[in-house]
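Secondary and tertiary structure notes
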Amino acid sequence: MPPANLPKDRLRLAVQKSGRLHTDSMDLLKACGIKIKSPKEKLLLHADNFPLDLLFVRDDDIPQLVMDGVCDLGIVGQNVLEESALERGTANAYVSERVLDFGGCRLAIALPEERPYASVKDLAGLRIATSYPQLTKRYLAQQGVSADVVTLSGSVEIAPRLGLADVICDLVSSGSTLEANKLRAVETIFKSTAALIRNARPLNAEKAHALEIILRRLDGVQKAAGTKYIMLHAPKANLAAIKALLPGSENPTVLPLAGDDSKVALHAVCSEDVFWETMDALKKAGASSILVLPIEKMML
Ligand SMILES: Nc1ncnc2c1ncn2[C@@H]1O[C@H](COP(=O)(O)OP(=O)(O)OP(=O)(O)O)[C@@H](O)[C@H]1O
Ligand SMILES: O=P(O)(O)OC[C@H]1O[C@H](OP(=O)(O)OP(=O)(O)O)[C@H](O)[C@@H]1O
Ligand SMILES: [Mg+2]
């Protein structure tokens, strides 16, 4: 049972059962303080300490489950979402609540390494294998290129070798799958990360309140992810120069240092990553005892 101050009406969230987005989705919920104990084999699970139920499904089904109102919320790649919205012809049956910082990839057109390519016009009359026919067709139409789109549900990279297609349009992240299949990316047609989406109809007051809590926590987790806490000792004479080196920190705290009147302790929240180069520059400017700590959560 959720604590007494939480809403009783439960939100239902669709999450990928297994695959690229599963672990990051579950980690995000955990970081938001939502406890899910039972094994995912159950397909429908109840959070122990929050009015939230999880439905584990294939990622392709998530847009439809949310747009049809079977689930209130879903975590899905924007690539799958946009493809599904184009297919349904109802791009506004959902609301994108938050863009998430995982599942980063791009949908790209790739060709056999040896095939010459100068511009998108070279795709005219070719067969393009893809699992994203709607996004591919939209891109070709925007470019004024006429080509045949061959829809495959997986293993798209092998299509040119099998003679099923001349080129492909598939997801790329590190590029190693393309390389292994002797293909090279020539055009990026869509950039994607995961997103938290909601059915477009307004939620009842209880569920809206629960979602508000989730979003507040999620913002705190995402904000903290790119943020570091830095502590150092600075000579008073160089304080201004040292402050100027701290990436994205507005108001550092300056404290007296017991037993040393020539230095102060400086504590700051840096909104950007602190790289070794910054540490070296700080050291050069006279800073010492430099500590950089991760921040778990943030609420401003
Ligand atoms: N190489 C990648 N790196 C990062 N994110 C990726 C990568 N490939 C895909 N993704 C993102 O993760 C989503 C899920 O990818 P995955 O390969 O797990 O899908 P799937 O095989 O269709 O899974 P399912 O069994 O749920 O249908 C993709 O739609 C995309 O948003
Ligand atoms: O550029 P890379 O880092 O090599 O990633 C690209 C590959 O990742 C995805 O497939 P995944 O490995 O998730 O397997 P799947 O085809 O079974 O979904 C995608 O469909 C590509 O094949
Ligand atoms: Mg899928």
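Definitions and limits used
Residues numbered from 1 in each chain as written. Chains lettered and ligands numbered in written order. Predicted model: local features only at pLDDT ≥ 70, side-chain atom pairs only at ≥ 80, totals over all residues. Heavy atoms only, no water. Disulfide = S-S within 2.5 Å. Buried < 20%, exposed > 50% of the residue type's maximum accessible area, 1.4 Å probe, protein only. Near = heavy atom within 4 Å. Polar contact = N/O pair within 3.5 Å; in protein donor to acceptor, adjacent residues only side chain to side chain. Areas by Shrake-Rupley, 256 points an atom, 1.4 Å probe, with all protein chains shown as cover. Domains from an automatic or database assignment. Contact = heavy atoms within 4.5 Å. Buried area = accessible area lost by both parts, 1.4 Å probe. 1 Å grid on protein atoms, 1.4 Å probe; cavity = no way out; pocket = protein on both sides within 12 Å on 5 of 7 lines; lining within 4 Å. Points joined across faces, edges and corners; volume = space filled by probe spheres on them. Nonpolar A, V, L, I, M, F, W, Y, C, P; charged D, E, K, R; others polar. Helix = DSSP H or I, 4+ residues; strand = E, 2+ residues; numbered from the N terminus. Lys, Arg positive; Asp, Glu negative; His and termini not counted. Salt bridge = Lys/Arg side-chain N within 4 Å of Asp/Glu carboxyl O. Sits in = over half its atoms within 2 Å of the grid points.

Some words on the state of the cysteines
Applying the stated rule across the entire model yields 0 disulfides. Of all cysteine sulfurs, the one in Cys71 lies closest to Cys32, which takes part in no disulfide; the gap is 18 Å. Here Cys32 falls in the buried class, since its relative accessible area comes to 4%. Unpaired in terms of disulfides, Cys105 finds its nearest cysteine sulfur in Cys169, a separation of 12 Å. On the basis of relative accessibility, which here comes to 19%, the residue Cys105 falls in the buried class.

A look at the site of ligand 2
Around ligand 2, a shell composed of Arg20, Glu157, Asp170, Leu171, Val172, Ser173, Ser174, Gly175, Ser176 and Thr177 is seen. Contact between ligand 2 and Ser174: an oxygen atom at 2.6 Å from a side-chain N or O atom of the residue. Backbone polar atom of Gly175 to an oxygen atom of ligand 2: 2.8 Å apart, as the coordinates give it. Expressed as a share of its isolated accessible area of 500 Å², the protein-covered part of ligand 2 is 60%.

As for the domain arrangement of the protein chain
Along its sequence, the protein chain is organised into domain 1 (11-103 + 194-224), domain 2 (105-192) and domain 3 (226-294). Placing a centre on the C-alpha atoms of domain 1 and another on those of domain 2 gives a separation of 29 Å. Domain 1 puts 9 residues into the contact, and the matching count from domain 2 is 9 residues. Across the domain 1 to domain 2 interface the summed buried area is about 890 Å²; carbon plus sulfur atoms make up 55%.

A short note on empty space enclosed by the protein
As enumerated under the stated definition, the model contains 1 cavity of 30 Å³ or more in all. The volume enclosed by the largest cavity comes to roughly 70 Å³. Looking at the lining of the largest cavity, its residues break down into 9 nonpolar, no polar and no charged.

Points about the side chain of Asp59
One can find Asp59 in the loop between strand 3 (52-57) and helix 2 (62-67). Buried and unpaired, Asp59 has Arg58 as its nearest opposite-charge partner, separated by 5.2 Å. With sequence-adjacent residues up to four places away left out, Asp59 is seen in contact with Gln16, Val76 and Val80.

Here's the deal with the site of ligand 1
The environment of ligand 1 is formed by 17 residues, the closest being Gln16, Arg20, Arg58, Asp60 and Asn79. Contacts to ligand 1 include Gln16, whose side-chain N or O atom sits 2.8 Å from an oxygen atom. At 3.3 Å from a nitrogen atom of ligand 1 is found a side-chain nitrogen or oxygen belonging to Ser173. Contact with the protein chains covers 76% of the free accessible surface of ligand 1, which is 640 Å². In this structure the site holding ligand 1 corresponds to the largest pocket. Residues that form the shell around ligand 1 fall into these classes: 5 nonpolar, 8 polar and 4 charged. Two domains share the shell around ligand 1, each providing at least three of its residues, namely domain 1 (11-103 + 194-224) and domain 2 (105-192).

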